[in-house]
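So the chains spell out like this:
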Amino acid sequence: MKEEILYGINSVMEALRGSRRAFELFVSRETHDRRTEKLLAFAAEKGIPVRTRDKRDLARLCGTDHHQGVALRVEGFAYAALEDIIASWQSSGEPGLILVLDGIQDPHNLGALIRSAACAGAHGVIIPRDRAAGVTASVEKISAGATETIPVAQVTNVVQALETLKEEGFWAFGTADSAASSLYSHDLTGNVVIVIGGEGEGVRPLVRKKCDFLVAIPLKGGVSSLNASVAGGVVLFEVVRQRQS
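Because the structure is a prediction, the values reported are computed rather than measured. (Residues numbered from 1 in each chain as written. Predicted model: local features only at pLDDT ≥ 70, side-chain atom pairs only at ≥ 80, totals over all residues. Heavy atoms only, no water.)

Which residues make up the overall build of the chain, and what values go with them?
Helix and strand counts for the chain stand at nine helices and eleven strands. Relative to the compact-globule value of 18 Å for 245 residues, the chain shows a C-alpha radius of gyration of 19 Å, a close match. Seen through its C-alpha atoms, the chain measures out along the principal axes to roughly 55 × 45 × 35 Å. Out of the 245 residues belonging to the chain, those deemed buried represent 50%. (Helix = DSSP H or I, 4+ residues; strand = E, 2+ residues; numbered from the N terminus. Rg over C-alpha atoms; globule rule 2.2 N^0.38 Å. Buried < 20%, exposed > 50% of the residue type's maximum accessible area, 1.4 Å probe, protein only.)

In structure tokens:
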């Protein structure tokens, strides 16, 4: 069984609340606050052993100093299947919202986008298997534990995934700085897939061709583009805004 070390208050808390098997909780001797006490209470409820370590030992265990005084040894992250995401949407009775990430390579962007998708109520996130960042402990920390609350599928072919979703009744909206159409001129209240391209290259040509619409976020000032995770958040919450209007 693959195992990994999660770290950070939020990611550890969500893992303890979730369905992944946890083996042991590590807590820094120097960490004493309400959030840590809550983690200890969760661990006690689930019968998870607690080990006390100093901050240097935790840093070696986690591979980083940014562990916030806690770490959790758990079974490895399990990706969902595309079919799981579709089933999650179908059972929700809600208009579909799925985020497709076409080649995001920065783990910070991936974690932030997964967190935004979860906060926007998306039914899942789809990432490519190759030439893109995958879900790691650092991504899980950056997502603030959102990887425990939203399914993430890793697919071999993004184009085929889009074809499947379109057959299910989704409209695909790809983001492109050069698009003539503004994001704010489209109706996003139906079943939508939001496609965010990788840093620098954007949405790849073959994936772009599978999008029903290419949309741009209107910008002012001297900067020509947004960070990928910021752009994804803008588009996701425009969907939320329209659906609440």
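Still more to cover.
Lay out the environment of Gly 190 with the relevant residues and their values.
Relative to the assigned elements, Gly 190 resides in the loop between strand E9 (181-182) and strand E10 (192-197). Sequence spacing of Gly 190 and Val 155 is 35 residues, and the spatial spacing of their C-alpha atoms is 24 Å. Discounting chain neighbours no more than four positions away, the residues touching Gly 190 are Pro 95, Gly 96 and Arg 243. (Contact = heavy atoms within 4.5 Å.)

Outline a nonpolar patch on the surface, supporting the account with residue identities and numerical values.
Side chains of Leu 219, Leu 226 and Val 230 sit close together on the surface and give an oily, nonpolar patch of about 220 Å² of accessible area. Along the chain, the position of Leu 226 falls in the loop between strand E11 (213-216) and helix H9 (228-244). The partly exposed category is assigned to Leu 226, whose relative accessible area is 34%. (Patch = residues over 30% accessible without salt bridge, like charges linked within 9 Å, V, L, I, M, F, W, Y side chains within 5 Å. Areas by Shrake-Rupley, 256 points an atom, 1.4 Å probe, with all protein chains shown as cover. Salt bridge = Lys/Arg side-chain N within 4 Å of Asp/Glu carboxyl O.)

Tell me what's going on with the packing of helix H1 (residues 9-17) against helix H2 (residues 34-46), and back it up with residues and numbers.
The relative placement of two packed helices is expressed as an angle between their axes plus a distance between the axes. At their nearest, the axes of H1 and H2 sit 10 Å apart, and the two run at 25° to each other. Regarding the angle of H1 to H2, the classification is roughly parallel. Helix-helix and strand crossings are classified by hand; for H1 and H2 the assignment is left-handed. Contacts from Ile 9, Val 12, Met 13, Leu 16 and Arg 17 in H1 reach Arg 35, Thr 36, Lys 38, Leu 39, Phe 42 and Lys 46 in H2. Looking at side-chain class alone, the contact of H1 with H2 contains six nonpolar, one polar and four charged residues. (Axes fitted to C-alpha atoms, helices over the stretch in contact; angles between N-to-C directions. Parallel < 35°, antiparallel > 145°, perpendicular 65-115°, else oblique. Left-handed = near helix turned anticlockwise from the far one by under 90°. Nonpolar A, V, L, I, M, F, W, Y, C, P; charged D, E, K, R; others polar.)

On their own, these measurements won't tell you what the molecule is for.
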